[in-house]
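Now for the letters of each chain:
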Amino acid sequence: MTQGEASDRARCAVAGRGEPSAEGAADPSAPAATDPSASAATSGDPEAARRRAERRAERITAGATELEQRLADLLRAGLAGAEQSGHGLWEETAARMVDAQAPGLASRVRELGAIPSSGPGWPVRLLEECALLHLLARGWLHRERLPADLAATVRSRVGLPASADGPMVRDRWLVLAQHDTADARLTTRRVWLYGAETARTVLLLSYGAAGRPPELALPVGLALEAEVSAYPDAGRRRVALGRRFAPPGPTRTRPRGVTTSRAAVRYGEALRDDPWLDSVPVTLERVVPVPDGVGWQLADADEDSALPLARTTGSQPGLWRLVALSGGAPVTVFGECGHRGFTPLTAWPAGPGPAVPLC
Amino acid sequence: MPVGPAASGAGVWEGLVTSALLGTDRRTPPGAARGPGAAAALLDAAAAETVRRRAGLRPARAARRPDSAPEDPRPPLPDAAARRLTSLLTDRPGTAGGGRRGSAPDLMELLPQWLATANARGFAPPPQALPALLDAARGRTDLRPAALAFAGPRALWLARLNPDWRFALRATPGGETAPSGAGAGAAERARRLWDEGLFAERVALLASLRARDPAGARELLASTWATERAEDRLMFLDSLRTGLTAADEPFLEQALADRSRNVRATAAELLSALPHSALAARMAARAATCVSLDRTLTPPAITVEAPHECDAGMERDGVMAKPPMGRGERSWWFGQLVEAAPLATWPDRLAGRTPEEIVALPVSDGWQSELHAAWCRAAVRQRDGGWARALLGAPTAPEAGGPGAVSLAERAKLLGTLGAGERAEWVAGFIATHGLSEAFQLLGMCGVPWATPLGRAVVDALNIARDAGSYPWSFSGVMGLAERCLDPSEAGRLDGLLAIPDEPEDASPGAGGYWAEAFQRLVTTLRLRAAMAEELRAAP
């Protein structure tokens, strides 16, 4: 199969792309991709900057080509062997991607290394992620043939810096959730905001050195009057915080919610803009946490459908806070909905009451 | 999401996974040509299929919903108090400063007090605080009764969903079954739990029933008594300690003939706590023959003639025939007789003397400590304040601080029979005379917050200890108690102690700084307790 055919496949996988909706989000695993400081590359002598960008693109292309070769080798030998080879192989490949200045590829590769030890069903998950990584590498190698929005998503996913150049949107932003993830190098903080006027849900990312909390901290449940501006990814989900007009204060705003069926459809639609998306932010309205035998699900109070909670939610204190808050009655839950299930982040009681953080 | 996309893709996907697992060199993927390009073709197809599968995910069917949690009729906590509860529950001891606590208050230690106040004011917790509350109660059994009372009906509903919290169901009567309704239905459920429940559930049921309806509990126990196992009978019998009255005597008398020696002993002990029981009268008669007043001596003295044998009647009344290692048989039997005899026996026997006069009498032939110790046990068992007072003596007496006839542990128990005010006064006098080194156990018996004279006696004594130049951790037990028990309104009086004092020549190096830190923590904790109480006073 030629590369051209593969690219067609990639395009096929993301067919049906229309106007960029608000769905989709930047990959949090690729922080360097969108580190504002990296945008310094665009400043100074434009000719020098262009040459630097060209050189970097060449290195990434070399990296993506090498990655393609390694993925093909892996598939020729079979994934069954991946269980034995352990982390070492992936760490080495990830280091090659760092050398190629493609941090987005590097972090995806590193995540592949954890899959063989992630329990039953790992071959399916490993194949899925290998295939999506392949899709990303192919997307990069043929980015000039992709529609502009998708090309921007590919650049961001691969790990090229971008800057938030969307128009400033002023709103009264409710802080929906704030949660940190940390690896050996970096603490990543994701803050979800909901605009009371625009009804948009947007994501702020901030980073701290390993073990140290990121600087930006916004208390969940409060609202702040501020401007944000979107990054150029297909989803336009990720934003940078601009001017703040007032400190966060109490609010009665709650995000507008949907049913579980609608939430699943939203994720599916968002994949058209960004096939690498793991989840979309969704607020579920009138749902009840229900044990389903193996774990928990959020069931519509008025319909017979339900979204299973992501397995990682299983023993977390947040799950029990959610169950306690509900007491068997419908609640409003904000969280991330994707192929791993629903991860609840914040909940509101049926009656009046403040937001209850679950993470 | 479990429900996948249309079945047409499922076969293709299975083929791709199999080929990927075995390797394209061994298994050509569906729809691809054999050869070096097969791996890339597999990845292309898998990428398209992965996105298709993800985009096609649909919700699952809803599982059976649990019943709703019962309503909690109590008013919700005021906001500030709710925030305080969260901080008390999330405080993990030892997170900062290694072993030493520094000047930060120990929040977990304040939780019992906070719960007691919140319960007294009848507030309901915010539902989202219940998991942390249950976890705290799980880790600390001493917190359980107050924590579960505060947690309320929704916590029991929650505990049924999480095996980690089963203890809450056991600790709460009716917890295993849905606690709804009352009256006949409740009685029926209680009966069924008693007949079919686990041992711990039955103990809990009996204890709670005994607290509400002593006679009903006794009748419930009597109805199955003959078929219970010996160790169970012992535990059940023990729950009759609560609300013990003369009406229990026939049942207890019958338990004196039990097959198990431990059951007999417990029945006898309970009967001896009923001064008008037949057993108490029998023990009084036995004890009285052992103790007499020898008026030929000057001054008159008590003489003791311990029993020469432990007859069948004594054994039936719960006297243990075999002494522990190292004790003589006769003094062992004697101690048990005096302990079980009503204290009213002694003024009659000893020429109408008051308890004080009796305790002051000399005792011949070295029997004093045996006799007084037995009286102490009797005063505690019969909750006799008059005798307790006499046996305690004056707190300022020189022998009160040293090894006297009455040990510190016995004093602490005797104090328990006195009213709160009298108790605090006695301990304050004790500390003023003897200092803090022996005071910990006694302070533990005093009501919280400490009465003003007691609190001031403790602070004065700490001040003296500091001036003496020792390190504060010699007094860390008392310091910790003071943080939890001193009246918060005393905080202002402590300001003078917060500075680092000049070190005297003979002081331990650096002690002054540590003392200042310890007093800072004391004051910070007191202010925090005042704030906590204030928050719970607010209208919700």
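Residues numbered from 1 in each chain as written. Chains lettered and ligands numbered in written order. Predicted model: local features only at pLDDT ≥ 70, side-chain atom pairs only at ≥ 80, totals over all residues. Heavy atoms only, no water.

(A) Representation of the packing of aromatic side chains within the structure. According to the stated counting rule, one finds 14 aromatic pairs over all chains in the structure shown. On the basis of an interplanar angle of 55 degrees and a centroid distance of 4.9 Å, the ring pair of Trp-194 of chain B and Phe-236 of chain B is categorised as tilted. On the criterion of sequence distance, the pair formed by Trp-194 of chain B in helix 8 (residues 184–196) and Phe-236 of chain B in helix 11 (residues 230–238) is long-range, its members being 42 residues apart. Judged on exposure class, the residue Trp-194 of chain B and its partner Phe-236 of chain B are both buried. Considering the side-chain rings of Phe-199 of chain B and Phe-236 of chain B, the 5.7 Å spacing of their centres and the 50 degrees angle between planes classify their relative orientation as tilted. Here Phe-236 of chain B lies in helix 11 and Phe-199 of chain B lies in helix 9 (residues 199–212), a separation of 37 residues in the sequence. Three or more aromatic residues link up through ring pairs in this structure, and these residues are Trp-296 and Trp-320 of chain A together with Trp-165 of chain B. In this arrangement the basic side chain of Arg-143 of chain A is found over the ring face of Trp-140 of chain A, its NZ or CZ atom lying 3.8 Å from the centre. When the ring centre of Trp-225 of chain B is taken as reference, the NZ or CZ atom of Arg-233 of chain B above it lies at 6.0 Å. (Phe/Tyr/Trp six-rings, centres within 6.5 Å; stacked < 30°, edge-to-face > 60°. Helix = DSSP H or I, 4+ residues; strand = E, 2+ residues; numbered from the N terminus. Buried < 20%, exposed > 50% of the residue type's maximum accessible area, 1.4 Å probe, protein only. Lys NZ or Arg CZ within 6 Å of the ring centre and 35° of its normal.)

(B) Focus on the sheet that holds strand 11 (residues 356–357) of chain A. Read across the sheet, 7 strands follow the order 11(A)-10(A)-9(A)-6(A)-7(A)-8(A)-1(B) without closing on themselves; strand pairing throughout is antiparallel. Edge positions in the sheet fall to strand 11 of chain A together with strand 1 (60–61) of chain B, since each has one partner strand and no second. Of the strand pairs in this sheet, strand 6 (residues 279–291) of chain A and strand 7 (residues 296–300) of chain A are connected by 5 bridges, and their pairing is antiparallel. Within the sheet, the bridge partner assigned to Pro-289 of chain A lies in strand 7 of chain A and is Leu-298 of chain A. Along the sheet, helix 7 (residues 260–273) of chain A makes contact with strand 6, strand 7, strand 8 (305–308) and strand 9 (331–338) of chain A, crossing strand 6 of chain A at roughly 155 degrees. (Pairing = 2+ DSSP bridges. Contact = heavy atoms within 4.5 Å. Axes fitted to C-alpha atoms, helices over the stretch in contact; angles between N-to-C directions.)

(C) Local environment of the confidence of the model for chain A. Across chain A, the average pLDDT comes to 84, with 87% of residues at 70 or higher. Note that residues 1–42 of chain A has pLDDT below 50 and, in this model, 88 contacts with residues that lie over four places away or in other chains. (pLDDT = per-residue confidence, 0-100.)

(D) Structural detail: helix 2 (residues 46–77) of chain A. Residue and element names in this part refer to chain A. The terminal C-alpha atoms of helix 2 lie 46 Å apart, and with 32 residues this matches the ideal 46 Å at 1.5 Å per residue to within 8%. By the N-cap criterion, in which a side-chain oxygen at the helix start approaches the backbone nitrogen of a residue two or three places on, helix 2 is capped by Asp-45, the distance to Glu-47 being 3.1 Å. Backbone geometry just downstream of helix 2 places Gly-78 in the positive-phi region, at approximately 100 degrees. (Expected span 1.5 Å × (residues − 1). Polar contact = N/O pair within 3.5 Å; in protein donor to acceptor, adjacent residues only side chain to side chain.)

(E) Looking closely at the pattern of salt bridges. Tallied over the full model, the rule gives 53 salt bridges over all chains. Residue Arg-191 of chain B pairs with Asp-195 of chain B through a salt bridge whose shortest N-O separation is 3.1 Å. Of this pair, Arg-191 of chain B and Asp-195 of chain B are both found in helix 8, 4 residues apart, which corresponds to roughly one turn of the helix. In this structure Arg-191 of chain B comes out as partly exposed when scored by relative accessible area, which is 32%. Under the relative-accessibility criterion, Asp-195 of chain B is labelled partly exposed at 46%. Between Glu-490 of chain B and Arg-493 of chain B there is a salt bridge, with the nearest N and O atoms lying 3.4 Å from each other. Note on Glu-490 of chain B: relative accessible area 8%, which makes it buried. One salt-bridge network, in which partners are shared between bridges, spans Arg-108, Glu-128, Glu-129, Asp-278 and Arg-340 of chain A together with Arg-53 and Arg-54 of chain B. (Salt bridge = Lys/Arg side-chain N within 4 Å of Asp/Glu carboxyl O.)

(F) Representation of the sheet that holds strand 1 (residues 169–182) of chain A in the model. All names here are of chain A. What the 5 strands build is an open sheet, ordered 3-2-1-4-5; its pairing is antiparallel. In the strand order of this sheet, the two ends are held by strand 3 (201–209) and strand 5 (239–244), each with one partner. Mean inter-strand twist for the sheet, computed between neighbouring axes without regard to direction, equals 45 degrees. By the bridge criterion, 9 bridges tie strand 2 (residues 186–195) to strand 3 in an arrangement that is antiparallel. Pairing of Val-191 across the sheet is with Leu-204, part of strand 3.

(G) Region of the structure containing helix 23 (residues 420–434) of chain B. In a regular helix each residue adds 1.5 Å, so 15 residues correspond to 21 Å; helix 23 of chain B covers 21 Å between its end C-alpha atoms and thus fits that length. Restricting attention to buried positions, one finds in helix 23 of chain B the residues Arg-423, Ala-424, Trp-426, Val-427, Ala-428, Gly-429, Phe-430 and Ile-431 of chain B.

(H) Representation of the side chain of Ser-229 of chain A in the model. All names here are of chain A. When you line up the elements, Ser-229 lands in strand 4 (residues 223–230). Separated by 3.2 Å, the side chain of Ser-229 and the backbone oxygen of Gly-166 make a polar contact. Once you skip the residues sitting within four places of it in the chain, Ser-229 turns out to touch Ala-164, Asp-165, Gly-166, Pro-167, Met-168, Arg-238, Val-239 and Ala-240.

(I) Expanded view of the interface of chain A and chain B. Every contact between the two is made by 60 residues of chain A and, on the other side, 49 residues of chain B. Where chain A abuts chain B, roughly 4400 Å² becomes buried across the two surfaces, and 67% of that area is made up of carbon and sulfur atoms. When residues of chain A are sorted by the area they lose upon contact with chain B, Arg-76, Leu-127 and Trp-320 of chain A head the list and together hold 15% of the total. Counting across the chain A and chain B interface gives 6 salt bridges. Notably, a salt bridge pairs Arg-53 of chain B with Glu-128 of chain A, separated by 3.4 Å at the nearest N-O pair. For the pair chain A and chain B, the interface holds 22 residue pairs in polar contact (both at pLDDT 80 or more). Per-class residue counts for the side of chain A that touches chain B are 36 nonpolar, 13 polar and 11 charged. Bridge count between strand 8 of chain A and strand 1 of chain B: 2 bridges; the pairing is antiparallel. For Ala-306 of chain A, the partnering residue across the bridge sits in strand 1 of chain B and is Ala-60 of chain B. (Buried area = accessible area lost by both parts, 1.4 Å probe. Nonpolar A, V, L, I, M, F, W, Y, C, P; charged D, E, K, R; others polar.)

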